[in-house]
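# Structural description and commentary
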Amino acid sequence: MTERKVPLRTQSIAVVTAGFGQNLVLTTVTTFMLVYLIQYAGISSAGIAVVTAIITVAKIVDAITDPVMGTIIDLTRSRWGKLRPYILFSAVPVAVLTGLLFTVPDADEPTQLVYFGVVYLLWGFAYTVCDVPFWGLIGSAFSDPAARTRVIANVRAFGSISLGLATLGMPWLAKLLSGGGETTGQGWSIAVFATGVVGMGLFLLAFFFTRERPSALAQGRLTFRQLTGTLIRNTPLLLVLLGSVLGFGRYIVQAGGAVFVVVAYGDEGLFTLIGAAIIVGMVVSSFTAPLLLRRMSGRTLIVASSVIGAVLYLAMYLVGFASIVWILVFIFLTGLTLGVFLVVQATMIADAVDDVERRTGVRNDGISFATLTFVSKIMSALAVLAFGIFVVAAGYQQGVPVTPEMQNTVFVGITLVPAVSCLLSAVPFVFYRLSSGVTPAGRSLRRAPSAGR
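Just so you know, these numbers come straight off a predicted model, no measurement behind them. (Residues numbered from 1 in each chain as written. Predicted model: local features only at pLDDT ≥ 70, side-chain atom pairs only at ≥ 80, totals over all residues. Heavy atoms only, no water.)

### Points about the domain arrangement of the protein
So the rule is basically this: Where each domain begins and ends is defined by an automated method or by a domain database. Any two residues having at least one pair of non-hydrogen atoms within 4.5 Å are treated as being in contact. A 1.4 Å probe defines the accessible area here, and the buried area is the portion of it lost by two parts on being joined, summed over both.
You can read the domains of the protein as domain 1 (1-210) and domain 2 (230-431). Distance between the C-alpha centres of domain 1 and domain 2: 22 Å. Across the contact, 32 residues belong to domain 1 and 27 residues belong to domain 2. Taking both sides of the interface into account, the surface hidden between domain 1 and domain 2 amounts to around 2400 Å²; carbon and sulfur atoms contribute 67%.

Structure representation (structure tokens):
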């Protein structure tokens, strides 16, 4: 049975809206989970150490399952294609498990920790099942590089907007649904369940209003050997992955910003300003990146943004942290470079998928875009690790008097480390090349015919 055709513009709106909903859920979990466990579930400091260990193990397992999930996707054949079925069947589990993360039972702490560990592992797996095919679907549904770049840019931009809305709005919503003057654990549970339902409901639009590329649907059954072979031979993709991992320092502000403002200014509330500066910078650059890609190649743009980012981090170190205003200015500017990086990174992976399909006849959206989510997790983990090393070197911990030496050490971790990381990141991207016949993202201004035109 043939599905009805969907206009390209409708598909674009559906994907961007789906990404917005997905980011509402992700931001809620990553931003407020520890707050909920400590303040409302009553987990002790020793219990939080166990929670941290659980999260670390879960992230390792999660990172490993990304390429496995990508391979499963590429081996899938169904009436809806190979990507969309996983979007359809993962939405409800993600919504339910998100709510359950914020519904820890009122029991002894070992029982609470076992409950959290099981639910968090299941949540991480379910989220992988929804996230990997979502990014692969963007590469498959939008064959024209320029159109695809615009979609990726809008997904990144509205993802940043949803991050801001969730960060600012969830505490208010939890308090409102607590039914009284004070926020309660039950209020958080209801608020998160509601957010999960709304967010993943929006995510389902990607299933109902997008269509996979006909070539991907017509492709014969692949083997695991074919998939891994094309992945290994996809040099442009491997260069993007290497450049991304080396650029882990771009995430250090998000990983350590809250600690930095406490050490530097003694006020963790200032992180709200830093977070806002990053988000605004990312939103602005996400919307403008497609315009820049019309004038230069993705390789040129990502190398330039990496070098500029390195210069900005170095300048921030030289100016110092005496003035929070200057810090916010630099954070906003580095947010601009981060937004450009995230858009161009995804478009370069999509172009590399097109390139390997032209050369080998095999289209591996699943495993290729699984590397995008895999690398993002590795970058976040390395950022936490690198910043943690500087915090330990500074000797900072709760209750210890803050000294100028301690402040300077932490400041180096949040400025010079990202500067070096950005410079190293630029090197692999310099060697990024597509074979002839493949148009890089943003360089083609023509539109490919959509399914509904």
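So much for the structure itself; the text now carries on.
### Re empty space enclosed by the protein
In plain terms, the rule: Grid points spaced at 1 Å and placed over the protein atoms alone form the basis of the search, with a cavity being a set where a 1.4 Å probe fits but cannot get out and a pocket an open set showing protein on both sides within 12 Å along at least five of seven lines. Lining residues have an atom within 4 Å of a point. Grid points are joined across faces, edges and corners, and a volume is the space filled by probe spheres set on the points. By definition, any uninterrupted DSSP run of H or I lasting at least four residues is a helix, any uninterrupted run of E lasting at least two residues is a strand, and each is numbered from the N terminus. Gly is put with the polar residues, along with every residue not named as nonpolar or charged; the nonpolar set is Ala, Val, Leu, Ile, Met, Phe, Trp, Tyr, Cys and Pro, and the charged set is Asp, Glu, Lys and Arg.
Throughout the structure, instances matching the rule amount to 2 cavities of 30 Å³ or more. In this structure, the largest cavity spans a volume of roughly 70 Å³. In terms of lining, the largest cavity is formed by R250, V253, Q254, I278, Y313, I331, T334, G335, T337, L338 and C422. Within the residue set of the lining of the largest cavity, elements represented by two or more residues are α11 (252-265) and α14 (324-360). If one sorts the elements of the lining of the largest cavity by residue count, α14 sits on top with 5 residues. Its residues assigned to classes, the lining of the largest cavity comprises 6 nonpolar, 4 polar and 1 charged. Its boundaries defined by the atoms lining it, the second largest cavity holds a volume of some 40 Å³. Taken together, the elements giving at least two residues each to the lining of the second largest cavity come down to α11, α14 and α16 (404-430).

### Let's talk about helix α3 (residues 84-101)
Our working definition: What a helix is expected to span follows from its residue count: subtract one and scale by 1.5 Å. A residue's bend is given by the angle between axes fitted to the 7 residues ending at it and the 7 residues starting at it. Relative accessibility under 20% of the residue-type maximum defines a buried residue, over 50% an exposed one, and the middle range a partly exposed one, all with a 1.4 Å probe and only protein chains included.
Spanning 18 residues, α3 covers 26 Å between terminal C-alpha atoms, matching the ideal 26 Å at 1.5 Å per step. Bending of α3 peaks at approximately 35° at the position of S90, with proline P93 no more than four residues after it. Most of α3 sits inside the fold, with 13 of its 18 residues counted as buried.

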